[in-house]
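# A structural walkthrough
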Amino acid sequence: MSVMNQTPKKEFVLAVEGLTVSFDGFKAVNDLSFYVEEDEIRVIIGPNGAGKTTVLDLICGKTKATGGSITFRGKELTKMSEHEIVHAGIGRKFQNPSIYEDLTVFENLEISFPRGHSVLGALAFKRDAEVIAAIQEVADEIFLSEHLNKTAGLLSHGQKQWLEIGMLLIQKPDLLMLDEPVAGMSVAERKQTAELLNRITKGRSVIVIEHDMQFVEDIAHRVTVMHQGKTLSEGSMERVQNDPKVIEVYLGH
Ligand code: ADP
Ligand code: MG
């Protein structure tokens, strides 16, 4: 092979190997392995009940694995608490936005700034230049710089989703995990979210669970298709879309 054709081998940031979790004998995730690189957006797709959300629960420590390992930048996550996993640089967004509806956009971002420990404590600290600059930067990234003083509860559904992404971004995670981030968004908001994700990937890794195939196509570097707790197929969007096993599972539903 000529030098021109050789892509430099990237280090895996996240290695999931033989991951299994059993709920009363039912294996929601069953001997699952996959690897994510730096700067990569990985999308996990699969029918309802395939185990996608459970994989994120396992990575962020909300659910404890029955077997297998999850290593992130060389650290074994399955032995760590949720808090330690956040500290290791992993941010996770759940399906429904969990923002403080009564606070402004600015305050929501401020309390998410890594120095804050409690809502009250965070609001009490001095709004120094560093915090304000970080909030401005993130607000620009999530299309909310014109809405900093707006009460978060008054934002549109899509803007709330972006705010929650911003609340993770301000913590500068190395791995960002998003569960169905464009559910309920307009077509225009979906496009903007794809642009946002493509922009923020530099220097980090992103795992997204999504059903919207146009959105998946707009963001995915690689796609992992899950079925019954296992990997059914993996590769480029084009490759998995043309995989007869994938077609069968989707047509079968
Ligand atoms: P997906 O996100 O792919 O739709 P989930 O990961 O939410 O699927 O769920 C996979 C399966 O595991 C489902 O059958 C679900 O009912 C089951 N499951 C998920 N979490 C739990 C739990 N904490 N206890 C028992 N069963 C669970
Ligand atoms: Mg789910």
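Residues numbered from 1 in each chain as written. Chains lettered and ligands numbered in written order. Predicted model: local features only at pLDDT ≥ 70, side-chain atom pairs only at ≥ 80, totals over all residues. Heavy atoms only, no water.

## With respect to the overall build of the chain
Selection rule: Segments assigned H or I by DSSP are reported as helices when at least four residues long, segments assigned E as strands when at least two residues long, and all are numbered from the N terminus. Here the globule rule is a power law, 2.2 Å times the number of residues to the power 0.38, and the radius of gyration is based on C-alpha atoms. In this scheme, a residue with accessible area under 20% of its type's maximum is buried, one over 50% is exposed, and one in between is partly exposed, where area comes from a 1.4 Å probe on protein chains only. Between two residues, a contact is recorded if the distance between any of their heavy atoms is within 4.5 Å. For accessible areas, the Shrake-Rupley method is used with a probe of radius 1.4 Å. Any residue's cover is judged against the shown protein chains and nothing else. Only four residue types enter the tally: Lys and Arg on the positive side, Asp and Glu on the negative side; His and the chain ends are excluded. Lys charges are placed at NZ, Arg charges at CZ, Asp charges at CG and Glu charges at CD.
Per the secondary structure count, the chain includes ten helices and ten strands. For the chain, the C-alpha radius of gyration of 19 Å lies close to 18 Å, the compact-globule estimate for 253 residues. Seen through its C-alpha atoms, the chain measures out along the principal axes to roughly 55 × 45 × 40 Å. By residue count, 50% of the 253 residues in the chain fall in the buried class. Once local pairs closer than 6 in sequence are excluded, the contacts in the chain between residues at least 24 apart make up 66%. Summing over all exposed atoms, the chain offers an accessible surface of approximately 12,500 Å²; the carbon and sulfur share of this is 52%. Here the chain holds 27 positive side-chain charges and 36 negative ones, and the gap between their average locations is 3 Å.

## What about the packing of helix α6 (residues 157-169) against helix α7 (residues 187-200)?
Put simply, the test is: Under this scheme, a helix contributes an axis fitted over its contacting stretch, all axes are lines through C-alpha atoms, and angles between N-to-C directions fall in the 0 to 180 degree range. Angular relationships are summarised with four words: roughly parallel below 35 degrees, roughly antiparallel beyond 145, roughly perpendicular across 65 to 115, and oblique for the angles in between. Residues are grouped as follows: Ala, Val, Leu, Ile, Met, Phe, Trp, Tyr, Cys and Pro are nonpolar; Asp, Glu, Lys and Arg are charged; every other residue, Gly included, is polar.
Where α6 contacts α7, the axes come no closer than 11 Å and their chain directions differ by 10°. Taken together, α6 and α7 sit at an angle that is classed as roughly parallel. The segment α6 lies against α7, with G158, Q159, W162, I165 and L169 engaging E189, Q192, T193, L196 and I200. Each residue belonging to the contact of α6 with α7 can be placed in one class, and the counts come to five nonpolar, four polar and one charged.

## Focus on the side chain of E164
Selection rule: Distance and chemistry together define a polar contact, namely a pair of N or O atoms within 3.5 Å, with one atom able to donate a hydrogen and the other to accept it when in protein, and with adjacent residues in sequence counting only for side-chain atoms on both sides.
Counting through the fold element by element, E164 comes out in helix α6. A distance of 3.4 Å separates polar atoms of two side chains, one belonging to E164 and the other to K93. Here E164 is in contact with K93, F94, N96, P97, S98 and I99, once residues within four sequence places are set aside.

## Points about unusual backbone geometry
Positive phi is not limited to glycine here, since K172 has a value of about 50°. The topology assignment puts K172 in the loop between α6 and β7 (175-179).

## Some thoughts on the pattern of salt bridges
Using the following cut-off: Note on definitions: salt bridges are taken to be side-chain nitrogens of Lys or Arg within 4 Å of carboxyl oxygens of Asp or Glu.
On inspection of all chains with the given rule, the structure shows 13 salt bridges. For the salt bridge of E195 with R199, the shortest nitrogen-to-oxygen distance reads 2.6 Å. Taken together, the residues span about one helical turn, with E195 and R199 both in helix α7 at a distance of four residues. Given a relative accessible area of 38%, E195 falls into the partly exposed group. The closest approach of N and O atoms between K245 and D243, which form a salt bridge, is 3.8 Å. Judged by relative accessible area, which is 45%, K245 ranks as partly exposed. A cluster of three or more residues bridged by salt bridges with shared partners is formed by E40, R42, R222 and E234.

## Section: the sheet that holds strand β2 (residues 26-37)
Let me state the cut-off plainly: DSSP-based pairing: two strands are paired if at least 2 bridges between them are found.
Pairing in this open sheet of four strands is antiparallel, and the strands run β2-β1-β4-β5 from one edge to the other. Every other strand in the sheet has two partners, leaving β2 and β5 (75-76) as the edge strands with one partner each. Here strand β1 (residues 12-23) pairs with β2 via eight bridges, running antiparallel. Bridged to S22 within β2 is K27. Its contacts with the sheet place helix α1 (residues 52-59) against β1, β2 and β4 (67-72), and it is angled at close to 70° to β2.

## Re the packing of helix α3 (residues 105-112) against helix α5 (residues 129-141)
Short version of the rule: Left-handed describes a crossing in which the near helix is turned anticlockwise from the far one by less than a right angle; the clockwise case is right-handed.
As a packed pair, α3 and α5 sit with axes 10 Å apart at the nearest point and diverge in direction by 115°. When the axes of α3 and α5 are compared, the crossing they make is right-handed. Across the interface between the two elements, F106, L109 and E110 from α3 touch V131, I132, I135, V138 and A139 from α5.

## Points about the domain arrangement of the chain
Note the cut-off: As used throughout, domain bounds are those supplied by an automatic or database domain assignment. Buried area: the accessible surface (1.4 Å probe) lost by two parts on joining, summed over both.
Assigned domains of the chain: these are domain 1 (11-89 + 185-253) and domain 2 (94-172). Relative to domain 2, the C-alpha centre of domain 1 lies at a distance of 26 Å. Taken together, the contacts link 13 residues of domain 1 with 15 residues of domain 2. Note on domain 1 versus domain 2: buried area summed over both sides is about 1,100 Å², and carbon and sulfur give 67% of it. Our count for the domain 1 to domain 2 interface comes out at zero salt bridges. Across the contact surface, domain 1 and domain 2 share three residue pairs in polar contact (both at pLDDT 80 or more).

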